[in-house]
Every structure is written in structure tokens, then in C-alpha cells.
Amino acid sequence: MNDLAVPSTDTTPSAECRQTDTEKLPVSPVARRIQDALARCGATSLVCVQLDPLRDRANRWVELAEELSTLRDETVLLVDGDIRRRQLTAELGLQGEAGLAEYLSIGRPATSVVRPRVRPRLDLLPSGRGWLGDSKRLPASIAELLHRIGRHRLVLVMAGPPEDPVAKAFQQCCHATLLIMSSGVTERSRAEGALHESVRAGARIAGALVA
């Protein structure tokens, strides 16, 4: 997984202390740079928009969430926001569980569809089993979801491609957006188009990652 394209880390004393405290933890450089980017902007919700989602990357996203939980010393909530593919949910063996789709379509309470401790210090909101209906209320529903489940911890959303309506809604509502491109698959023109589309949708771009 290649380096994350975000600005260099702060050199303020507080940032230096944070780096010193965590530099020996067993996490990847990508996780460290994502955490640095989140700390700079005070973000507690990050949506990763996968331009070309690949099934074999699902395990890496689970590992990334676990690494962030280690760096932050807190439980992270991982959200499978790609309802059409449901790759994270399948990776963790929760295909039969209600989740995001049920919250968005039939109004299941947000807290009732979160599965706690699927891994140490990792909670999961699975994709669910249903399909979306009217997408007009998606931004309001996603904003309410983040308010209900995102207090005092990081919410890491793995969403589908930028044209997906759920991905667009999460970009509007999350504090930061990370664009994820697949090495050898994502074309430059698609990456540039996705960036412009995300900015138009109101996303706050934290960087880009080639995986």
C-alpha cells in the first residue's frame, strides 16, 4: 500500500509529543499519516471513498481500523458504507446481520445495528441486508447516524465509488474524505474526475491513497 498523499505533519510541540508517544506502536506508516491528518483538522469521522473497490482489499481496511484504534487508544467504529458490494461485512462474517441498509430504509435505530467488539477495540456497522429506496433523505439520515453513533470516538466509513449516493451523503456529513485508488486499475482521468466531484459535493478532502 503506497504512501498517503497528505501534507507533512505538524512541528508544534504537541504534535511532536504525540509522535514520540506512538512511534514504537506496531502500526503502518499509512495509519500514522491518517491519524496525523485527522489530528490536524480535529476530525472524528472519516469516509474513505473507493474509486474502484476490490474484494481482496477488505481485510486491509479492517487492519487499518485496528491500527487507528491502537494509535488513538480508543474503540473505532468501522462502517461498511458500500451497500451494493458489502465486502467488509462479508470479510467479518456478518452477511446475515441488519445494518446500514435497515437504518436507512426502514428506520432501524442506529445503535441497534452496531455490532460491538467484532475485534478488540473495533465495533462494526455492517452494510445490512436490504436495499435503498428514496435517496433524497440520505444526507439528513447520515448526519443523524453520525450524531447517534459517533460521539467521543472515530467513525471510519469505507464507502463505494464517488457516484454512489450513499458515498456522496457520507462525504457531505463526515469531517474528512480520503480518496482511495486501486493501483493498476484506477485511471488518472477517473481520479481527477472523482476529486472534482467530491469537492462539488462539499467533501473536505484529507488526501488520497493508492492501494
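Residues numbered from 1 in each chain as written. Predicted model: local features only at pLDDT ≥ 70, side-chain atom pairs only at ≥ 80, totals over all residues. Heavy atoms only, no water.

A. Spatial organisation of the pattern of salt bridges. Under the definition given, this model contains 18 salt bridges. When the shortest N-O distance is used, the salt bridge between Arg115 and Glu97 registers 3.0 Å. Linking Arg115 in strand S4 (residues 115–119) with Glu97 in the loop between helix H4 (87–91) and helix H5 (100–106), this pair joins segments that are 18 residues apart in sequence. Relative accessible area serves as the criterion here: at 30%, Glu97 is assigned to the partly exposed category. For Asp123, the salt bridge identified is with Arg153, shortest N-O distance 2.7 Å. (Salt bridge = Lys/Arg side-chain N within 4 Å of Asp/Glu carboxyl O. Helix = DSSP H or I, 4+ residues; strand = E, 2+ residues; numbered from the N terminus. Buried < 20%, exposed > 50% of the residue type's maximum accessible area, 1.4 Å probe, protein only.)

B. Region of the structure containing the nonpolar core. Of all hydrophobic cores here, the largest spans 33 residues; its most connected members are Leu100, Leu125, Leu145, Val157 and Phe170. At the level of secondary structure, the elements contributing two or more residues to this core comprise strand S2 (45–50), strand S3 (76–81), H5, helix H6 (138–149), strand S6 (155–159), helix H7 (165–173), strand S7 (176–181) and helix H8 (188–200). Top element by residues in this core is H6. It accounts for five residues. Leave out the neighbours within four places in its chain, and Leu145 touches Leu100, Tyr103, Ala110, Leu125, Gly150 and Phe170. Leu92, Leu94, Leu156 and Leu209 belong to the second-largest nonpolar core, a separate cluster that totals 31 residues. (Core = buried A, V, L, I, M, F, W, Y, C linked by side-chain atoms within 4.5 Å. Contact = heavy atoms within 4.5 Å.)

C. Layout of the packing of helix H2 (residues 29–41) against helix H3 (residues 58–72). Running from amino to carboxyl end, H2 crosses H3 at an angle of 60 degrees, the nearest separation of the two axes being 9 Å. Taken as axis vectors, H2 and H3 run oblique relative to one another. The two elements H2 and H3 meet at a crossing, and its hand is right-handed. For the pair H2 and H3, the contacting residues are Ala31, Arg32, Ile34, Gln35 and Leu38 in the first and Leu64, Glu67, Leu68, Leu71 and Arg72 in the second. For the contact of H2 with H3, the class distribution of residues is six nonpolar, one polar and three charged. (Axes fitted to C-alpha atoms, helices over the stretch in contact; angles between N-to-C directions. Parallel < 35°, antiparallel > 145°, perpendicular 65-115°, else oblique. Left-handed = near helix turned anticlockwise from the far one by under 90°. Nonpolar A, V, L, I, M, F, W, Y, C, P; charged D, E, K, R; others polar.)

D. The side chain of Thr186, seen in detail. If you trace the backbone, Thr186 turns up in the loop between S7 and H8. In this structure the side chain of Thr186 is engaged in a polar contact, spanning 2.6 Å, whose partner is the side chain of Asp52. Polar side-chain contacts of Thr186 include one of 3.0 Å to the backbone nitrogen of Ser182. Setting aside anything within four residues of it in sequence, one finds Thr186 in contact with Leu51, Asp52, Met181 and Ala191. (Polar contact = N/O pair within 3.5 Å; in protein donor to acceptor, adjacent residues only side chain to side chain.)

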